[in-house]
Structures are given as C-alpha cells and as structure tokens.
Amino acid sequence: MNEIEREVKATIKGIIDKRVKGMKAGEPNTDDLLGILLESNFKEIEQHGNKNFGTTIEEVIEESTTSVWIAGQEATSVWIVWTMILLGRHPDWQVRAREEVLQVFGDGMPEFDGLNRLKVTMILHKSLRLYSSASALRRTITTKTKLGELTLPAGVILYLPTILVYHVKEIWGEDAIEFKPERFSKCISTATKGQMAVFPFGAGSRICIGLNFAMIEAKMAMAMILQHFAFELSPLYTHAPQSVITMQP
Ligand code: HEM
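Residues numbered from 1 in each chain as written. Predicted model: local features only at pLDDT ≥ 70, side-chain atom pairs only at ≥ 80, totals over all residues. Heavy atoms only, no water.

Enquirer: Looking at this model, I keep getting lost on the domain arrangement of the protein chain. Mind explaining?
Expert: One frequent convention defines the size of an interface as the accessible area lost when the parts assemble. For the protein chain, the assigned domains are domain 1 (1-55) and domain 2 (72-248). In this structure, domain 1 and domain 2 have C-alpha centres spaced 33 Å apart. (Domains from an automatic or database assignment.)

Okay, here's the thing in structure tokens:
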C-alpha cells in the first residue's frame, strides 16, 4: 500500500511540477480542475506576497487524489456496476433500455443531446438511490446550531446516513426497496413529492462539483455497454452491499 501511495503521489507530483513550470514560463493555463486550482493558488500567494497563504503542493496532491481517484473514478464506477447488477436482475428493463439506446444512436457513438433523453437516466437515478455511492454525509458543528427541534453544541459530529433516507417508507412508499425506475420518469422532485429526500451528490454549498460530469459519464458508459453487450448476474453472485468509503457490491 505504501509503495502504491508513493507511486501515485510521485505521478501526480510529476504532472503538477510540469504544469507549474509551464505556468512560470508563461504558457497559457489549461482549462481544467488542476489548472484552476494552481492558478487560484498562485493568485492568493501573489496577493498576500507570501507562501504561507494558498495551498501547499502536498495539499494540491491530496485534493487531486481525493477528487480524481475517489470521487471522480471510484464513485462513478461503482454506480455503473450497481446499475449493471440491477439490469442483470431485471432483464425486462435491460431490454427496454437497450432498445431505446439502439433507437437513438444505432451502433454509432452516443452524443450529448441523445444522452439526455434516455430511459437509462431514470435507471441510473434509481440505482443511485438504492445503492448510493456516497452512503453518508458528515459535518462537524463549529458553533451552537439549532436544527429543527435539536440544539447541537459546537464539536458535535453530525452523521447523516443518506442511504437510510432513501429507503424510508413514509417517503418512498411500501415498495421503497423495489427496483421501479418509473418513479424517476418525471423529475426528481415529483418522485420525492417535493421533499428533500434524495441528494446522492450532496446539497448546498458543498454539492458535488462532478455531478454533471458523473451523470454524463455514467450515461455514456451505460449506453455503450448496452449497445455492445447483454449481461446477466452470475449464479455465484451474493448480494452483500458494503460501505467502504463508497458502497461496494
Ligand atoms: C456517482 C458519482 C458521484 C457521487 C455519488 C458523488 C457524491 C458526492 C457527494 C455526496 C458530495 C458531497 C460531500 C459532502 O457534502 O460532504 C461530493 C462532493 C465532491 N465531489 Fe462528488 N460524487 C460523484 C462524482 C464526482 C466526480 C466525477 C468528481 C470529480 C471529477 C467529484 C468531485 C467531488 C468533489 C471535489 C467534492 C467536494 C466538493 C466540496 O466540498 O466543495 N465527484 N460528491
């Protein structure tokens, strides 16, 4: 593990060093997350005239590891795997989703406008509710806070097991745990009867920055998988979801 961590960090540091060198040499900034992070960092250091401000390169490495490997790769890939498991279990939905993908794209490359119209979107919403990649949110209370009827003192760590909210029968009905993508055939607020009952990407000021990207990536992947493959669950599959940072099959 240590060796892998060293290797990952060295790789990212190599990318960052190259970018920093380029920026110092006056090369135009690449319009991506790392570019934005480094540019805002430079500005902050420049503004305060000292390196104690801004993010350290170690912090930039940590941010890149968290957002690219865990958030950007892991969360979306387990989401796709869960969706395949659900479609393996519900072949009728797999057939319907494939028919639609083939109708919209044929065997050509899926394109952006078509992706927005797919049934696979509601299937993805459904799998994210049943097996949410991020199954809980945590917050540390910094000042005494009133939350509904609760008064929470500073220092309390609030743990919000979102996955449980997604299974509450009072909101979702007696069939809460059943695979019924048609719940999401309209918009999400129709599915939740206007309640704040589904937020797999968080909410408010810390909402996931990769939300739209992840949605397009997952739709694109599912559309291409459906175009080229039919799949079913292995008879050896044992259903045992486990939360190890993300919700693992
Ligand atoms: C299925 C895919 C994904 C899920 C379910 C997901 C879920 C979440 C959730 C629940 C949060 C809020 C955490 C909190 O409030 O404490 C979050 C934040 C974040 N996500 Fe995602 N995410 C996904 C994909 C991505 C992708 C693709 C990226 C980057 C390319 C990304 C980058 C981030 C970052 C950087 C934050 C922190 C934002 C902040 O604190 O201001 N995520 N994500």
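Enquirer: What exactly am I supposed to notice about the UniProt feature "binding site: heme" (unreviewed entry) in the protein chain here?
Expert: As recorded in UniProt, the feature "binding site: heme" (unreviewed entry) lies at Cys208. Using a relative accessible area of 31% as the deciding quantity, one classes cysteine 208 as partly exposed. (UniProt positions renumbered as here; feature names shortened; annotations may be inferred. Buried < 20%, exposed > 50% of the residue type's maximum accessible area, 1.4 Å probe, protein only.)

Enquirer: When you look at the pattern of salt bridges in this model, what are you seeing that I'm missing?
Expert: Note on pairing: side chains with opposite charge can pair once their charged atoms come close. Inspection of the entire model under this criterion finds seven salt bridges. Among the salt bridges present, the one from lysine 180 reaches glutamate 178, with a minimum N-O distance of 4.0 Å. One salt-bridge network, held together by shared partners, links Glu5, Lys9 and Glu62. (Salt bridge = Lys/Arg side-chain N within 4 Å of Asp/Glu carboxyl O.)

Enquirer: Where do I start with the coordination of the iron atom of the ligand in this structure?
Expert: Each pair of donors in an ideal four-coordinate tetrahedral metal site encloses 109.5 degrees, whereas pairs in an ideal six-coordinate octahedral site enclose 90 or 180 degrees. The protein supplies the iron atom of the ligand with one donor atom, Cys208 (SG), which lies at 2.3 Å. Considering the arrangement of structural elements, one finds cysteine 208 in the loop between helix 9 (188-191) and helix 10 (211-228). (Donors = N, O, S within 2.8 Å, 3.2 Å for Na, K, Ca; no water. Helix = DSSP H or I, 4+ residues; strand = E, 2+ residues; numbered from the N terminus.)

Enquirer: How should the layout of surface pockets be read in this particular structure?
Expert: Rolling a probe over the atoms, with the probe sized like a water molecule, indicates the empty space that remains. Volume-wise, the largest pocket comes out at about 1,700 Å³. Looking at the largest pocket, it is lined by 44 residues, and the ones nearest its centre are Thr66, Ser67, Ala71, Gly72 and Cys208. Those elements giving two or more residues to the lining of the largest pocket turn out to be helix 1 (2-24), helix 2 (33-48), helix 3 (57-89), strand 1 (137-140) and helix 10. Its residues assigned to classes, the lining of the largest pocket comprises 24 nonpolar, 14 polar and six charged. Of the domains in this structure, domain 1 (1-55) and domain 2 (72-248) are the two that each give at least three residues to the lining of the largest pocket. (1 Å grid on protein atoms, 1.4 Å probe; cavity = no way out; pocket = protein on both sides within 12 Å on 5 of 7 lines; lining within 4 Å. Points joined across faces, edges and corners; volume = space filled by probe spheres on them. Nonpolar A, V, L, I, M, F, W, Y, C, P; charged D, E, K, R; others polar.)

Enquirer: Would you mind showing me how to read the packing of helix 1 against helix 2 here?
Expert: When two helices pack together, you describe them by how their axes are tilted relative to each other and by the distance separating the axes. In contact at an axis separation of 11 Å, helix 1 and helix 2 are set at 55° when each is read in the N-to-C sense. Considering the angle they form, helix 1 stands oblique to helix 2. Taken as a pair, helix 1 and helix 2 cross one another with a handedness that is right-handed. Contacts from Ile15, Ile16, Arg19, Val20 and Met23 of helix 1 reach helix 2 at Leu34, Gly35, Leu38, Glu39 and Phe42. Considering only residue class, the contact of helix 1 with helix 2 consists of seven nonpolar, one polar and two charged. (Axes fitted to C-alpha atoms, helices over the stretch in contact; angles between N-to-C directions. Parallel < 35°, antiparallel > 145°, perpendicular 65-115°, else oblique. Left-handed = near helix turned anticlockwise from the far one by under 90°. Contact = heavy atoms within 4.5 Å.)

Enquirer: Please explain the packing of aromatic side chains as it appears in this structure.
Expert: The description of an aromatic ring pair rests on the distance of the ring centres and on the angle between the ring planes. Under the counting rule described, the total for this entry stands at three aromatic pairs. A centroid spacing of 6.0 Å and a plane angle of 70° characterise the contact between tryptophan 79 and phenylalanine 201, whose relative ring orientation is edge-to-face. Here tryptophan 79, found in helix 3, pairs with phenylalanine 201, found in the loop between helix 9 and helix 10; they are 122 residues apart in sequence, far enough to count as distant. For the pair tryptophan 79 and phenylalanine 201, a shared accessibility class is recorded, and that class is buried. Above the ring of tryptophan 93, the side-chain terminus of arginine 96 is found at 4.0 Å from the ring centroid. (Phe/Tyr/Trp six-rings, centres within 6.5 Å; stacked < 30°, edge-to-face > 60°. Lys NZ or Arg CZ within 6 Å of the ring centre and 35° of its normal.)

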